[in-house]
Amino acid sequence: MSEPARYTPPTTDPWKGLRGVMAGTLILEVIVIGLAFPIVANLGPGITWLTGGYLGLVVVAFIAAAGMQGRPYALRLDLGLQAVVIAGGFLHWSVAVVGVIFLCVWVYIAYIKRDVEQRMAKGMLAGQEPLDD
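Since the structure is predicted, the reported quantities are computational estimates derived from the model, not experimental observations.

### Concerning the packing of aromatic side chains
How two aromatic rings sit relative to each other is set out by the distance from centre to centre and by the angle between their planes.
Alright, step 1. Tallying each qualifying case throughout the model produces two aromatic pairs.
Alright, step 2. Here tyrosine 54 and phenylalanine 90 contribute two aromatic rings whose centre-to-centre distance is 5.4 Å and whose plane-to-plane angle is 70°, an arrangement assigned as edge-to-face. Of this pair, tyrosine 54 sits in helix α3 (residues 49–66) while phenylalanine 90 is found in the loop between α4 (74–87) and α5 (93–121), placing the two residues 36 residues apart along the sequence.
Alright, step 3. When the centroid spacing of 6.2 Å and the interplanar angle of 25° are considered together, the rings of tyrosine 108 and tyrosine 111 count as stacked. Pair noted here: tyrosine 108 and tyrosine 111 are both in helix α5, with a separation of three residues, about one helical turn.
Alright, step 4. Since its relative accessible area comes to 46%, tyrosine 111 is described here as partly exposed.

Shown next, in the form of structure tokens:
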């Protein structure tokens, strides 16, 4: 059985751009979750120590996760945070809707990451050349 072909790295780092997209998506989600505070305050049961604490901790967790996008477990962390936001439906249904919408975005980002990994393995990215062994 022959070894799979190996290729040189692409001319530009595709992971650098993906890390930027992931961090930017988290910051965008922080803004949207921050905008959920007035919705919960006016339409829901109001801001209590539970709702305020939950939304505040989620915002802090997302900001911390935005700085961790270079880690190998970053995508799993981001998907796990979406489950936490969806679970926030106990505060107000609008929080769960935000989580579901962003979960769709994160599933698409995971699809893009998988596609880039497959293309890189096949040597299909710009600048990749077969390695002569």
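So that's the structure; there's more coming.
### With respect to the environment of alanine 66
Alright, step 1. In this fold, alanine 66 is placed in helix α3.
Alright, step 2. The spatial distance from the C-alpha of alanine 66 to the C-alpha of tyrosine 54 is 18 Å, given a sequence separation of 12 residues.
Alright, step 3. Excluding residues that lie within four positions of it along the chain, alanine 66 makes contacts with Ala23, Leu26 and Ile27.

### Here we look at α4
Alright, step 1. Between its first and last C-alpha, α4 extends 20 Å over 14 residues, near the 20 Å set by a 1.5 Å rise per residue.
Alright, step 2. Every buried residue of α4 is listed here: Ala74, Leu75, Asp78, Leu81, Gln82 and Val85. Taken down its axis, α4 places every buried residue within 115° of arc, on the same side.
Alright, step 3. Packed against the buried residues of α4 are α1 (14–34), α3 and α5.

### As for the nonpolar core
Alright, step 1. Met22, Ile33, Leu55, Phe62 and Trp106 are the most contacted members of the largest nonpolar core, which has 24 residues in total.
Alright, step 2. Where this core is concerned, the elements lending two or more residues are α1, α2 (36–43), α3, α4 and α5.
Alright, step 3. Ranked by residue count, the leading element in this core is α3, at seven residues.
Alright, step 4. Apart from residues lying up to four places away in sequence, leucine 55 is in contact with Ile33, Phe37, Val40, Leu91 and Val95.

Conventions and cut-offs
Residues numbered from 1 in each chain as written. Predicted model: local features only at pLDDT ≥ 70, side-chain atom pairs only at ≥ 80, totals over all residues. Heavy atoms only, no water. Phe/Tyr/Trp six-rings, centres within 6.5 Å; stacked < 30°, edge-to-face > 60°. Helix = DSSP H or I, 4+ residues; strand = E, 2+ residues; numbered from the N terminus. Buried < 20%, exposed > 50% of the residue type's maximum accessible area, 1.4 Å probe, protein only. Contact = heavy atoms within 4.5 Å. Expected span 1.5 Å × (residues − 1). Arc of directions from axis to C-beta. Core = buried A, V, L, I, M, F, W, Y, C linked by side-chain atoms within 4.5 Å.

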